[in-house]
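Coordinate inspection notes
For reference, the chains in residue letters:
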Amino acid sequence: MTALSPHLRQATPVVAVRGEGVHLDGEDGRRYLDFTAGIGVTSTGHCHPRVVAAAQEQVATLVHGQYTTVMHPPLRRLVDKLGEVLPEGLDSLFFTNSGSEAVEAALRLARQATGRPNVLVCHGGFHGRTVAAASMTTSGTRFRAGFSPLMSGVVVTPFPTAFRYGWDEETATRFALRELDYTLQTISPPADTAAVIVEPVLGEGGYVPANRAFVQGLRERADRHGFLLILDEVQTGVGRTGRFWGHEHFGVTPDILVTAKGLASGFPLSGIAAPEELMRKAWAGSQGGTYGANAVACAAACATLDVVRDGKLVENAEAMGARLRHGLEAVASRTPAIGDVRGMGLMLASEFVTEDGEPDPETAARVQRAAVDEGLLLLLCGAWNQVVRMIPALVIDETAVDEGLRAWAVAVQAGTSGEAR
């Protein structure tokens, strides 16, 4: 008999048979509140009627028109719609399937455009699992171990992770930028540095937001030294942080923007955006792929962008994120095992620590399992899997937020008191 790889372990025991909005129906007949959203993918909720209708109509018309062979209308529409929300000047697009592929496309473009070999990455960042993307990933060894040698030319520089350092944000930011300058002086000279890539909020690294001073510091150094700023918005984009793009919190514009996850509400689609002048510097034949910009995925993405706009989901993410964060902080205030609550918009997390302040993955895992018992689906992240994260769909309302917080409070009590199995 055949079976899935034994390493494909599910975070919850749920077998989902149906999804609707922020809920999943299990094979066990129980309805669960889904605060995972397919790891931030189902931005408009499970099976949003407008996204479903767009995909169904497209399936009956053209499933796949390979976009380096023929052009198709959904792709044209998607390019136009993204032009309405992309930062000014990022007017050239290349599409592929996954976040990893898009990250690698951004890296390839940066190296070809600058003629420089090195890329700076921030400690704690996650950029994917393929060889180049995993080489740039430092959020946990599990993503990069066991298939060395990895890609050369990757240089790691600090991220202002204030809680881990035990500093305030200003001190952590000053340290991170000072160490970046030292790195450029001692390891990767500017003349060898093609780009710096960073997530506006560390994802797998523990849901740690960047800040205005840090990202503006990266922008200033990129401009001064002639390398590119790549912002990995795979998880933070399409409204997740309470702005359409996470970097909008920081008052900068990247040279290359990477997008995926919430772009098509569950259909595989990713891409990069850059100024046309920069995109033209890619070498001939360096951009392509069989399934990139699939017609059904593009149709779903067009519908997703319409729903995000018409439903004011970016604004909803900001408002519901504030409500959710307030509730998480209330639970944390009476729970010594929660050392930090952080995030932006509907990208929030609670970090569990031992009595001496060390990462506590065992308690985090107990709480996550206890939440399933309460009908709430959550995921772990962080270097030790000591962080429990919440990423509900952007359509969530006050009722669902409050329902999730009630389940969370019970789960935290069970997981921190030894009641949970």
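Okay, so let's go over this structure. Model, not experiment: these values are computed from the prediction.

1. Here we look at the overall build of the protein
Within the protein one finds 13 helices and 17 strands. Dimensions of the protein, computed from the C-alpha atoms along their principal axes, are close to 60 × 55 × 50 Å. Counting all 421 residues of the protein, 57% fall into the buried class. Relative to all contacts within the protein whose residues are 6 or more apart in sequence, the contacts with residues 24 or more apart total 72%.

2. Quick look at the environment of Glu315
Structurally, the position occupied by Glu315 is in helix H11 (residues 313-333). Judged by relative accessible area, which is 45%, Glu315 ranks as partly exposed.

3. Concerning the state of the cysteines
As enumerated under the stated definition, the model contains zero disulfides in all. In this structure Cys122 is a free cysteine whose sulfur lies 17 Å from that of Cys381, the closest cysteine sulfur available. Accessibility expressed as a relative area gives 1% for Cys122, which makes it buried.

4. Brief notes about the sheet that holds strand E2 (residues 23-26)
Across the sheet, four strands lie side by side as E1-E2-E3-E15; this open sheet has mixed pairing. Each edge of the sheet is formed by a strand with only one pairing partner; in this case those strands are strand E1 (16-20) and strand E15 (376-377). Sheet topology places strand E3 (residues 31-34) next to E15; two bridges connect them, and they run parallel. Looking across to E15, one finds that Leu33 is bridged to Leu376.

5. A look at the sheet that holds strand E10 (residues 228-232)
Read from one edge of the open sheet, seven strands run E4-E12-E11-E10-E7-E5-E6, paired in mixed fashion. The open sheet is flanked by strand E4 (92-96) and strand E6 (154-157), the only strands paired with a single partner. Sheet twist, expressed as the mean angle between neighbouring strand axes with direction ignored, is 20°. Of the strand pairs in this sheet, strand E5 (residues 118-122) and strand E7 (residues 193-198) are connected by four bridges, and their pairing is parallel. Opposite Val119, over in E7, you have Ala195 as the bridge partner. On the sheet, helix H7 (residues 169-186) packs against E5, E6 and E7 and is oriented at approximately 150° with respect to E6.

6. Points about the packing of H11 against helix H13 (residues 398-417)
At their nearest, the axes of H11 and H13 sit 10 Å apart, and the two run at 20° to each other. Accordingly, the angle class assigned to the pair H11 and H13 is roughly parallel. Helix-helix and strand crossings are classified by hand; for H11 and H13 the assignment is right-handed. Note on element contacts: H13 touches H11 through Glu398, Val401, Asp402, Leu405, Trp408, Ala409 and Val412, opposite Met320, Arg323, Leu324, Gly327, Leu328 and Val331. Split into classes, the residues belonging to the contact of H11 with H13 amount to nine nonpolar, one polar and three charged.

7. Observations regarding the pattern of salt bridges
Applying the stated rule across the entire model yields 22 salt bridges. One salt bridge connects Asp306 with Arg309, and the closest N-O pair in it is separated by 3.4 Å. Within this pair, Asp306 and its partner Arg309 are both found in helix H10 (residues 295-310), separated by three residues, close to a single helical turn. Here the salt bridges share partners, and the residues they tie into one network are Arg50, Lys81, Asp306, Arg309 and Asp310.

8. Points about the packing of helix H3 (residues 73-83) against H10
At a minimum axis distance of 8 Å, the contact between H3 and H10 shows a crossing angle of 35°. H3 and H10 meet at a crossing whose hand is left-handed. Across the interface between the two elements, Pro74, Leu75, Arg77, Leu78, Lys81 and Leu82 of H3 pack against Ala295, Cys298, Ala299, Ala301, Cys302, Leu305, Asp306 and Arg309 of H10. Along the lines of polarity and charge, the residues of the contact of H3 with H10 split into ten nonpolar, no polar and four charged.

9. Structural notes on the nonpolar core
Across soluble globular proteins, nonpolar side chains have a tendency to be buried as a group. Ranked by size, the top nonpolar core spans 91 residues in total, and within it Leu78, Ile256, Ile272, Leu324, Phe352 and Trp408 carry the most contacts. Residue contributions to this core peak at nine residues, all from H10. Not counting residues up to four positions away in its chain, the partners in contact with Leu324 are Phe35, Leu346, Leu348, Met390, Val401 and Leu405. If you look at the next biggest cluster of nonpolar residues, it comprises 30 residues, including Val155, Leu184, Ala210 and Ala222.

10. A closer look at H11
Taking 1.5 Å per residue as the helical rise, H11 with its 21 residues ought to reach 30 Å, and the 29 Å between its terminal C-alpha atoms agrees with that figure. Those residues of H11 not exposed but buried are Leu313, Val314, Ala317, Met320, Gly321, Leu324, Gly327, Leu328, Val331 and Ala332. Projected onto a plane normal to the axis of H11, the buried residues spread over an arc of 140° and lie on a single side. Opposite the buried face of H11, by more than 90 degrees, sit the exposed residues His326 and Ser333.

11. Considering the pairing of E3
Judged from the three bridges that link them, E2 and E3 form a sheet pairing that is antiparallel. Each bridged residue has a counterpart across the sheet, and for Leu24 the counterpart in E3 is Tyr32. Hairpin connection between E2 and E3: a loop of four residues separates the two successive antiparallel strands, and Gly29 in this loop has a positive phi of roughly 85°.

Rules and cut-offs
- Residues numbered from 1 in each chain as written.
- Predicted model: local features only at pLDDT ≥ 70, side-chain atom pairs only at ≥ 80, totals over all residues.
- Heavy atoms only, no water.
- Helix = DSSP H or I, 4+ residues; strand = E, 2+ residues; numbered from the N terminus.
- Buried < 20%, exposed > 50% of the residue type's maximum accessible area, 1.4 Å probe, protein only.
- Contact = heavy atoms within 4.5 Å.
- Disulfide = S-S within 2.5 Å.
- Pairing = 2+ DSSP bridges.
- Axes fitted to C-alpha atoms, helices over the stretch in contact; angles between N-to-C directions.
- Parallel < 35°, antiparallel > 145°, perpendicular 65-115°, else oblique.
- Left-handed = near helix turned anticlockwise from the far one by under 90°.
- Nonpolar A, V, L, I, M, F, W, Y, C, P; charged D, E, K, R; others polar.
- Salt bridge = Lys/Arg side-chain N within 4 Å of Asp/Glu carboxyl O.
- Core = buried A, V, L, I, M, F, W, Y, C linked by side-chain atoms within 4.5 Å.
- Expected span 1.5 Å × (residues − 1).
- Arc of directions from axis to C-beta.

Purely geometric numbers; function is a separate question.
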